[in-house]
Amino acid sequence: MLLLPFLAGLVGLFLPGLARGLGLLATLASGLIALAALFAPGVAFYAERPLFEPAGVYYAVGLDGASAALALTTSLAVFLALLAVKEVPGRMLALGLLMTAGLLGIFASLDLVLFYFFYEATLIPSLLLLGVYGGANRVRALIKFALFTLAGSLLMLAAILAARYYGGAESFLLRDLLSARPEGAAATLAFLAFTLAFMVKTPLFPLHVWLPDFHAENHPSGFADVMGTLYKVGVYGFFRFAIPLFPAAFAAFKPYLLLLAAVTALGAAWIAYAQKDYKRLLAYGALSHMGVAALGLFSGTAIGAVGALFLLAASALYTGGLFLFAGWLFARFGTLELAPTHGLAKHAPALAAFGLFLFLAMVGLPGLAGFPGEFLSALGAWQASPFFTLVAFAAVIAAAAYALSAYQRLFHGPPGKAVADLSGGEWVYATLATLAVAFLGVYPKLLSGPIHEAAQAFVAAIGGGK
Amino acid sequence: MLLLVILLPLAGFLVLGLFGRRFKEPLPGVLASALVFLSFLLVGALLASGGARFVLEDWLPGIPFALLLDPLSGYMALVVTGIGFLIHVYAIGYMHGDEGYARFFAYFNFFIAMMLTLVLADSYPVMFVGWEGVGLASFLLIGFWYTDWKNAKSARKAFITNRIGDLGFLLGMALLYSLFGTLQISELKEAVEGSLVLPGGLALAGLLLFVGAVGKSAQLPLMVWLPDAMAGPTPVSALIHAATMVTAGVYLLARSSFLYANLPDVSYWIAVVGLLTALYGALSAFGQWDIKRIVAYSTISQLGYMFLAAGVGAYWVALFHVMTHAFYKALLFLASGSVIHALGGEQDVRKMGGLKKHLPRTHLHGLVGALSLAGFPLFAGFWSKDAILAATLSYPFGGVGFYLAGLFVAFLTAAYAMRWYALVFLGEFRGQGHPHEAPPVMTVPNDVLALGAVFAGFLALPKPLWNLIEPFLAPALAHLEAHEPAPLVEWGLLLLSAAVALVGLYLGYLFFRDYFKKKVPAWYRAFEQAALEGFYADWLYNTFLVNPAKELAFGLGLADRGLDRAYVYAGGGVGLLGRILAGLENGYLRFYAALILAFAALFVLWGVVR
Amino acid sequence: MTALAVLFLTGALAALGGLWAPPRAVKQGVRLGLLLALFLLIVAPSQSAFLGLFTLDPLARGVGLVAVLAALFASLVGSGYLEKTGIRAFEYHALLAFSAMGALAMAATENLAVILVGLELLSLPLYALVALRYDEQSEEAALKYLLLGAVAAALYFYGLVLYFGATGSFAVGAAAEGPLFAAGMVLLLSGLFFKAAMIPFGWWAPDVYQGAPTPVTLYMAAGVKAAAFAALLRVVVGAGYGGVWAAVLALAVLLTVVYGNLAALAQGEAKRLLAYSSIAHAGYIALALFGPSPAPAVGYYLLAYLLSTGLAFAVLTQVDAGEGVPFAALQGLIRKSPMLAGMLLLALLSLAGLPPLVGFWGKYLVFVEAARAGQYALLVIALLTAAVAAYYYLRLVAFAFFLPPEREGAVEVRPLAAFAMGLVAFLILALGFFPQAVYGLFAGS
């Protein structure tokens with residue numbers, strides 16, 4: 001599963017013309033594998049081979065419900081993104097495929113060092129996507145992005161080592177580490193290190209500042225933004241590693257984490273309203289979602305964790321879709337400023353409908369993919385802290401404000417400059433994306449069932465209740 | 001089967017939304033109407049067969065997708081599909097020639113599907129799906145003529161205001177879930193009724209759900225969106241913003257009556273909010289010049305009545321009023337629509353008048369609607385409103401204060417209903433052109449509605465006459481023991497409220513008959529001006545909430561950039577440190593040698609001394 | 001043993017042969033000799049000779065490999081640079097072989113005196129190599145290196161004397177206590193810190209790296225450091241961790257990683273930047289010295305470092321026309337030569353320690369050693385400075401990739417050099433995915 005996008009990416013790097021076709025095949029295949037894993041009970045496709053045996057590192061991968069769900073939506077999102085973009089360099093797609101391989105690796109890893117390996121390896125194509133194909137201020141954005149990520153992840157490496165050597169585990173395999181968890185001050189420090197790393201990648205206030213620039217400077221087609229959206233694996237990291245490994249430390253820091261999540265959720269949504277650049281708006285909007293997801297997860301309840309991961313998985317589709325949508329707008333106007341024109345719904349009703357659909361998904365309208373995650377997060381979060389739930393979910397009001405005003409500024413009002421409606425290729429993407437987002441909203445059971453299984457294991461690991 | 005009730009209009013939405021533009025008028029309208037009618041029949045048939053249930057287990061972990069057709073939901077579903085069907089038919093004529101004809105019916109069908117989801121839900125999350133769905137439909141339809149910024153803005157305002165209520169709903173669900181571990185309504189009902197000691201958070205949960213209801217039903221203080229919602233086409237106002245969607249809040253309270261019956265304090269506040277809203281709406285209606293806005297404020301006022309009823313614990317009465325109100329308010333709106341249609345889009349009552357002559361059929365509809373609204377004896381509105389007033393005295397959470405205030409609002413209602421009627425239909429025509437009567441496709445539905453507005457009240461009459469509605473709904477509602485007043489007292493009160501309505505109508509007639517020719521007292525002018533602005537509710541919101549929130553958004557954005565700067569400066573600090581350190585490399589050999597020797601000596605000294 | 005002999009013969013023959021044979025032949029001869037030595041090192045069994053003065057254990061094998069490989073690589077990629085700058089060819093190769101022999105000698109002994117001999121054997125050819133460009137900068141660098149090297153050698157020598165006085169032995173690991181012994185240890189370490197380019201003794205590195213001919217810098221960065229660390233490891237491990245030298249070591253690590261990484265931020269010339277990076281890397285390697293089994297980690301790191309920094313310097317060698325490599329000269333490299341740019345990217349990211357490149361595993365191993373020793377404070381500081389390091393590596397990448405070139409024009413690379421660099425790049429990537437492949441060479445089996 002990992003190998004396919006990687007190989008496709010590698011080939012694509014040298015033969016840019018083939019990147020798209022190979023990528024479609026590879027992501028389709030990995031998506032199918034993830035789908036199969038979704039229906040399999042327990043950990044599917046488990047494989048364990050020594051990678052660096054003397055150092056206790058294993059190539060241990062497998063997909064349980066949660067990781068299968070994320071792998072599925074990741075594959076799907078990339079698959080769709082490959083369909084959606086046009087007139088982009090093949091090498092760019094190839095880098096995206098390399099990143100996909102890394103992301104799938106992140107989700108599948110069951111060895112901490114292997115996880116770290118993928119976690120950082122994914123950074124390289126991501127940096128190149130930004131650096132080679134980005135906008136005018138990309139170097140600045142790139143360095144900020146890289147430094148935040150690295151500062152966090154390097155500390156995490158120290159914590160990974162500490163987790164093993166303080167706990168006295170045999171190897172870095174997750175199950176070994178879980179059976180010999182470190183305790184005391186060392187565990188607290190290690191947890192904090194993990195927390196910093198994942199806060200950068202969630203991202204959570206106040207370590208989110210790399211995000212708006214990252215999106216604003218990336219290639220206008222939105223393809224790189226999709227990949228960036230997928231790369232927000234912080235919540236998953238908390239879920240899979242940081243919290244189960246250090247439950248006591250997590251319990252001690254829970255109120256602060258909830259606070260940060262709530263601040264992120266509300267603050268980002270609020271700020272989004274004031275943004276004039278389409279991608280910045282989306283960046284803040286997505287940030288707000290991640291705050292909500294983090295809140296759900298930090299509740300320490302199974303239902304909240306399901307919500308968090310569902311939100312993570314689903315937002316890959318619609319947030320990614322919105323970035324691609326931004327790419328289409330850019331192709332039509334040559335700018336990402338909001339309101340270069342208005343009244344677009346007149347000339348491009350299908351484009352308008354699709355945009356509205358995506359925005360509504362982002363707003364968390366029930367029946368679309370954004371809702372189940374948000375809702376379950378709320379259910380879980382309330383059990384942990386009603387007050388922070390109130391704060392965070394005040395964001396749903398702000399979300400309606402920024403999403404609808406962004407939508408209306410473009411599509412409503414007296415008709416302005418005429419633009420083309422959806423083209424053939426765009427129709428294909430719009431149809432598939434709509435189906436996917438609506439399906440997850442109407443029948444969330446597909447993902448929430450398997451995730452719930454994993455979430456129960458998560459709650460058991462931290463010794464929580466229901 | 002039950003699912004099909006929802007799927008039929010939903011299919012209509014999909015078909016019309018995707019391919020509607022290729023259909024020739026009036027096919028989309030006919031198709032949409034037919035689907036709603038089918039749903040209506042289906043609901044009727046299922047209800048006759050004793051209800052139905054649909055459950056998809058574990059839709060979300062531990063939360064099934066549950067639908068339930070019981071008397072309560074069946075009653076609402078019949079109102080929604082029945083009135084909805086009539087308005088659909090009316091719209092076939094009203095929307096004739098509009099560019100977005102098919103789009104309109106797609107949205108309309110979508111609305112019906114979502115409204116049915118809301119009504120049939122046996123689980124709060126599922127209800128929430130419908131709840132937000134109708135909100136979306138409302139957004140789409142208010143902004144239907146999107147090329148005008150004003151409409152777009154109104155649509156946004158409606159959606160965002162509703163979202164505030166939705167937040168309450170959402171949090172209420174979260175609280176209920178944390179208390180009972182389930183969100184299925186029938187299970188919650190059992191849990192609440194079965195428990196001897198109620199959990200402490202229940203009152204808060206009730207309050208939060210109530211906040212949701214306040215948003216959806218445009219109660220104080222979230223009523224500001226409804227008048228603006230009149231920006232949509234008139235059938236929209238009739239269907240969504242009068243007959244069905246806005247009553248969803250009342251329905252939510254009735255559905256959750258098992259909660260509120262145990263929460264006297266919360267119920268008290270519901271009644272108070274309802275009463276204040278009724279008063280606010282009635283007063284504001286006096287100042288409006290837009291034919292639809294008058295009716296819109298009257299809707300707010302009437303919804304207040306329903307909340308009053310639900311607040312005092314008379315849930316069936318609230319639902320009774322929902323039904324009669326649906327008839328006469330839809331009728332009023334559609335009659336207004338016919339007037340607007342006849343005048344080529346004119347909505348200002350100052351340019352109407354004397355339409356009695358020009359639009360005889362519509363005049364009849366308007367008159368019936370206005371009288372029913374005013375509570376003219378024996379009309380539908382009379383019976384249901386009187387039931388509410390009586391309930392404030394007989395139900396446990398009621399009180400004489402509620403009764404008297406309600407009676408006063410009833411007087412106001414009669415007066416502004418007459419104002420509307422008089423300004424539109426009496427006197428002389430103040431506008432231009434030649435008004436023409438609407439086609440039959442628009443008048444026939446109004447005839448049906450008018451019949452309802454006259455006779456629907458006879459379904460539930462005071463004792464000792466027959467009452468069909470209360471026993472029908474009883475199994476689905478919480479039962480609160482009402483202490484029945486003696487029939488004599490009850491009929492006395494009935495006469496009183498009839499008298500109040502008649503007096504109100506008469507005074508209104510005197511005052512508004514030749515309104516534009518007479519001298520109006522200055523205090524009334526001032527009052528009129530304030531009422532026109534809805535007593536400055538919008539201004540208050542904008543000044544103290546909306547604008548500060550917007551400014552804060554920019555402020556936070558700047559603060560965020562500031563944070564960004566701070567990081568950059570911190571990075572710059574490290575860089576500066578680096579430059580200082582790099583200064584040690586000054587290229588002088590002797591300096592390096594000295595450093596090396598100094599450190600070596602230092603280390604040796606350290607090693608030896610230790 | 002045979003490898004040592006081969007290296008000696010290679011050097012000697014090259015030096016003599018240079019008198020009559022054409023430089024080309026000498027060059028090829030040296031390369032063949034180095035290749036042969038490499039092969040012998042890999043296949044030779046662990047052995048001991050000269051009454052134990054020469055001990056080929058896994059550490060010696062690994063470090064020797066790194067040093068010889070460094071020499072070979074420098075020889076392969078340097079030709080073009082030599083021609084551009086007018087350096088006479090055959091001495092370069094011969095001196096490289098001699099120096100590699102010194103490195104091997106230094107690594108493959110447990111006798112402190114022999115270490116000193118190896119040290120000098122390693123250094124003397126280097127002084128000449130640094131001066132080989134015959135211009136002012138080159139000679140200044142050589143002179144600095146020579147004089148400071150003499151100071152360091154004196155420190156080491158003095159330490160050796162005290163050590164002998166305290167223990168009565170030249171062998172590492174001779175037990176003793178007292179101030180005399182402590183002073184001796186500290187001085188020995190100081191001398192070796194100098195060679196390893198660790199602060200507060202490695203002040204020479206930036207000036208010398210910058211002034212020396214670029215391919216020489218390549219060899220210096222990787223080869224010399226390797227030998228120095230082999231000796232450091234033996235001295236520290238032999239003496240145990242009880243004494244003041246452990247504190248000195250910790251302090252040196254701290255100063256080194258902080259100074260190297262922070263001062264690198266202020267640089268504007270690529271070679272000088274890599275010199276600071278080399279200082280920083282010395283700090284990382286030294287972290288492993290605390291661990292319970294440092295030898296494989298040190299060896300592996302050295303290999304990873306050789307491949308990465310070697311490749312980086314190799315790229316600089318191709319770009320450099322004898323005037324150094326200011327950042328501006330790298331601008332737009334991606335357009336001038338995508339291959340070189342790609343290699344530079346790999347090399348720098350590997351230096352930064354990003355997976356899936358070999359540099360990551362090197363860092364990982366030394367960090368594991370530090371963690372096992374419980375040195376978390378040092379570890380965290382090292383990791384934080386590593387994040388700082390990422391900044392300047394990325395900045396270099398940004399210059400090469402994201403900025404337009406100042407001047408158009410292609411960069412030519414000789415086929416053999418290109419092949420060698422390609423091989424190294426491949427190794428960086430392949431070992432990133434299969435780190436275990438060469439681990440056996442350092443762990444001993």
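### Re the overall build of chain C
Here is step 1: Check the secondary structure of chain C and you find 19 helices and two strands.
Here is step 2: Dimensions of chain C, computed from the C-alpha atoms along their principal axes, are close to 65 × 55 × 40 Å.
Here is step 3: Look at the contacts in chain C between residues 6 or more apart in sequence, and 81% of them connect residues 24 or more apart.

### Points about the overall build of chain A
Here is step 1: Of the regular secondary structure elements, chain A holds 22 helices and two strands.
Here is step 2: On C-alpha atoms alone, chain A measures out to a radius of gyration of 21 Å, which is about the 23 Å that the 2.2 N^0.38 rule sets for 466 residues.
Here is step 3: If you line up chain A on its principal axes, its C-alpha atoms span 65 × 55 × 40 Å.
Here is step 4: In chain A, buried positions account for 72% of the 466 residues.
Here is step 5: Within chain A, residue pairs in contact and separated by at least 24 positions form 80% of the contacts whose partners lie at least 6 positions apart.

### Side note on the pairing of strand β2 (residues 57-63) of chain A
Here is step 1: Most of β2(A) is tucked away, with five of its seven residues classed as buried.
Here is step 2: Hairpin remark: strand β1 (residues 44-52) of chain A followed by β2(A), antiparallel, with four residues in the connecting loop; positive phi at Gly56(A), about 75 degrees.

### Digging into the interface of chain B and chain C
Here is step 1: Each partner contributes to the interface: chain B provides 23 residues, whereas chain C provides 28 residues.
Here is step 2: Of all the secondary-structure elements, those providing two or more residues to the side of chain B that touches chain C are α24 (537-582) and α25 (589-609) of chain B.
Here is step 3: Counting residues per element, the side of chain B that touches chain C draws most heavily on α25(B), which supplies 13 residues.
Here is step 4: A class-by-class count of the residues in the side of chain B that touches chain C yields 16 nonpolar, four polar and three charged.

### Considerations on helix α15 (residues 315-342) of chain B
Residue and element names in this part refer to chain B.
Here is step 1: The end-to-end C-alpha distance of α15, which contains 28 residues, comes to 40 Å, matching closely the 40 Å that a straight helix rising 1.5 Å per residue would cover.
Here is step 2: Where α15 bends most, the angle comes to about 30 degrees, and this point is His-325.
Here is step 3: In terms of burial, α15 is a largely internal element, 27 of the 28 residues being buried.
Here is step 4: Phi turns positive one or two residues past the end of α15, at Gly-344, with a value near 65 degrees.

### Describing the interface of chain A and chain B
Here is step 1: The partner chain B presents 38 residues to the 45 residues of chain A that form the contact.
Here is step 2: Elements with a minimum of two residues in the side of chain A that touches chain B: α13 (247-273), α15 (302-333), α16 (344-347), α18 (370-384), α19 (386-393), α20 (395-411) and α22 (445-461) of chain A.
Here is step 3: Counted by class, the side of chain A that touches chain B contains 29 nonpolar, 13 polar and three charged residues.

### Overview of the environment of Ala248(A)
Residue and element names in this part refer to chain A.
Here is step 1: Tracing the sequence through the fold places Ala-248 in helix α13.
Here is step 2: On the neighbour-count criterion, Ala-248 (16 C-beta atoms within 10 Å) is partly exposed.
Here is step 3: The spacing of Ala-248 and Gly-463 is 215 residues in sequence and 9.6 Å in space, taken between C-alpha atoms.
Here is step 4: With residues up to four places along the chain from it excluded, the contact list for Ala-248 reads Glu-183 and Ala-187.

### What about the environment of Ala410(B)?
Here is step 1: Within the secondary structure, Ala410(B) is located in helix α19 (residues 400-425).
Here is step 2: Given 27 C-beta atoms within a 10 Å radius, Ala410(B) is considered buried.

### Focus on unusual backbone geometry
Here is step 1: Look at the link from Phe205(A) to Pro206(A): it is a cis peptide, with omega at 0 degrees.
Here is step 2: Within the secondary structure, Pro206(A) is located in the loop between α9 (184-201) and α10 (210-217).
Here is step 3: Unlike most non-glycine residues, Ala218(B) shows phi in positive territory, near 55 degrees.
Here is step 4: With 29 C-beta atoms packed within 10 Å, Ala218(B) lands in the buried category.
Here is step 5: In this structure, Leu378(B) is a non-glycine residue whose phi angle is positive, near 75 degrees.
Here is step 6: Among the structural elements, Leu378(B) can be located in the loop between α17 (360-374) and α18 (380-394).

### Looking at the confidence of the model for chain C
Here is step 1: Taken over all residues, the pLDDT of chain C has a mean of 85, while the share at 70 or more is 98%.
Here is step 2: Confidence metrics for the complex model read pTM 0.88 and ipTM 0.87.

### Considerations on the packing of α13(A) against α19(A)
Angle between the axes and distance between the axes: these two values describe a pair of packed helices.
Residues and elements named next belong to chain A.
Here is step 1: Orientation of α13 relative to α19, taken along the N-to-C sense of each, is 20 degrees, at an axis distance of 7 Å. The angle between the axes of α13 and α19 places the two elements in the roughly parallel class. As α13 runs across α19, the sense of the crossing is left-handed. The segment α13 lies against α19, with Leu-258, Leu-259, Ala-261, Ala-262, Ala-265 and Leu-266 engaging Phe-388, Val-391 and Ala-392.
Here is step 2: Split into classes, the residues belonging to the contact of α13 with α19 amount to nine nonpolar, no polar and no charged.

What counts, and at which threshold
Residues numbered from 1 in each chain as written. Chains lettered and ligands numbered in written order. Predicted model: local features only at pLDDT ≥ 70, side-chain atom pairs only at ≥ 80, totals over all residues. Helix = DSSP H or I, 4+ residues; strand = E, 2+ residues; numbered from the N terminus. Contact = placed C-beta atoms within 7 Å. Rg over C-alpha atoms; globule rule 2.2 N^0.38 Å. Buried ≥ 20, exposed ≤ 12 C-beta atoms within 10 Å, placed from the backbone. Pairing = 2+ DSSP bridges. Nonpolar A, V, L, I, M, F, W, Y, C, P; charged D, E, K, R; others polar. Expected span 1.5 Å × (residues − 1). Bend = angle between axes of the 7 residues up to and from the residue. pLDDT = per-residue confidence, 0-100. Axes fitted to C-alpha atoms, helices over the stretch in contact; angles between N-to-C directions. Parallel < 35°, antiparallel > 145°, perpendicular 65-115°, else oblique. Left-handed = near helix turned anticlockwise from the far one by under 90°.

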